[in-house]
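# Per-entry structural report
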Amino acid sequence: MSSRQPRFNQQALYDTTPLPDDIPKVKELGASSAPLLSASFFIGARCKDYNDDYMMCKNEANGRGEFDCMKEGRKVTRCAASVIRDLNEHCLNEFRSHWQCLERYNHHLYDCRMEERKLNKCVFDNLKLAKTIPDTPKGEEQIHLRKKNTFTTR
Amino acid sequence: MGVPFEALLPYGIMIGFFAFSAASLAGLKSMQNGGKAPRRGLDAWDRQMMERDRRLTGFARGQTDKPEAPPGFEVNNPWRVEKRFF
């Protein structure tokens, strides 16, 4: 058994050539799925403009968005990383307990409302980011603010 | 009145083997999921996020909340290829 992983087989080709130097470097976002889901609405709250900018650029790039919108893409990455960094700095315990709960309950947000309330409160107090679910029908209470739930007890 | 324990021995063996296989499969599943509850009802998005977790942490159920990815993460996303079609 060799200790080297295959770079090219019948399913996958790993190209480890780094990006050329004329493209500015940006560190990729390092958070995995559960922390990302937990932070998603705060990322949306802070980075909405950057994200919309990127999506608009891609829509208008006629299929060349991956190349032409790299500048906007770097802004999206940096903004999301800044949210994760601030969460780690100010609300680490609440953040961890929430994403660990998500990981325990199959990434169901509705099973982790208790942890989510604490996280939302901490984030609002420290970072002034509020979770709002876009496109909630007018006059309807946002689902994470409900006092009483039918299908979950948490 | 003596209890005919010889009649119950086969039941003991049967229960023992069923328990052994159940415990082994549960242990295997727990090992595959890193001791966490297994994910269920996965869609394409969940699967690709788990694949991303695997690229980030080396394990499909591993989680990390670091803001920056470890070095090499940006180049370990493979191109999907297919078998040559004659």
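Residues numbered from 1 in each chain as written. Chains lettered and ligands numbered in written order. Predicted model: local features only at pLDDT ≥ 70, side-chain atom pairs only at ≥ 80, totals over all residues. Heavy atoms only, no water.

### As for the UniProt feature "transmembrane region" (unreviewed entry) in chain B
Note the threshold: UniProt positions are given in the numbering used here, feature names are shortened, and annotations may be inferred rather than shown by experiment. Where helices and strands are cited, they refer to DSSP runs of H or I of at least four residues and of E of at least two residues respectively, numbered from the N terminus.
What UniProt calls "transmembrane region" (unreviewed entry) maps, in this numbering, to residues 12-31 of chain B. The span residues 12-31 of chain B shows a helical share of 100% and a strand share of 0%, and its end C-alpha atoms are spaced 28 Å apart.

### Digging into the interface of chain A and chain B
Test applied: By definition, residues are in contact when any of their heavy atoms lie within 4.5 Å. A carboxyl oxygen of Asp or Glu within 4 Å of a side-chain nitrogen of Lys or Arg is what we treat as a salt bridge. Identification of polar contacts relies on pairs of N or O atoms within 3.5 Å, with a donor-acceptor requirement for protein atoms, meaning one able to donate a hydrogen and the other able to accept it, and with residues adjacent in sequence counted only if both atoms are side-chain atoms. Side-chain classes follow a simple rule in which Ala, Val, Leu, Ile, Met, Phe, Trp, Tyr, Cys and Pro form the nonpolar group, Asp, Glu, Lys and Arg form the charged group, and the remainder, Gly included, forms the polar group. At least two DSSP bridges between two strands are required for those strands to pair.
Taken together, the contacts link 34 residues of chain A with 28 residues of chain B. Put simply, arginine 61 of chain B and glutamate 103 of chain A hold a salt bridge, and the shortest N to O gap is 3.0 Å. Run the count over chain A and chain B and you get 22 residue pairs in polar contact (both at pLDDT 80 or more). For the side of chain A that touches chain B, the secondary structure elements donating two or more residues are β1 (12-13), α1 (33-60), α3 (70-90) and α4 (92-104) of chain A. Across the side of chain A that touches chain B, the residue classes tally to 15 nonpolar, twelve polar and seven charged. Note: β1 of chain A against strand β1 (residues 79-80) of chain B, two bridges, orientation antiparallel. Within the sheet, the bridge partner assigned to leucine 13 of chain A lies in β1 of chain B and is tryptophan 79 of chain B.

### Thoughts on α3 of chain A
Residues and elements named next belong to chain A. Formally: Here a helix's expected span is defined as the number of its residues, less one, multiplied by 1.5 Å. Under the scheme applied here, a residue whose accessible area is under 20% of the maximum for its type counts as buried, over 50% as exposed, and between as partly exposed, the area being computed with a 1.4 Å probe on protein chains only.
Its 21 residues give α3 an end-to-end C-alpha distance of 30 Å, which sits within 8% of 30 Å, the value for a rise of 1.5 Å per residue. Among all positions in α3, only Glu72, Gly73, Arg74, Thr77, Cys79, Ala80, Ala81, Val83, Ile84, Asp86, Leu87 and Asn88 are buried. Where α3 is buried, its residues contact α1, α2 (65-68), α4 and α5 (113-127).

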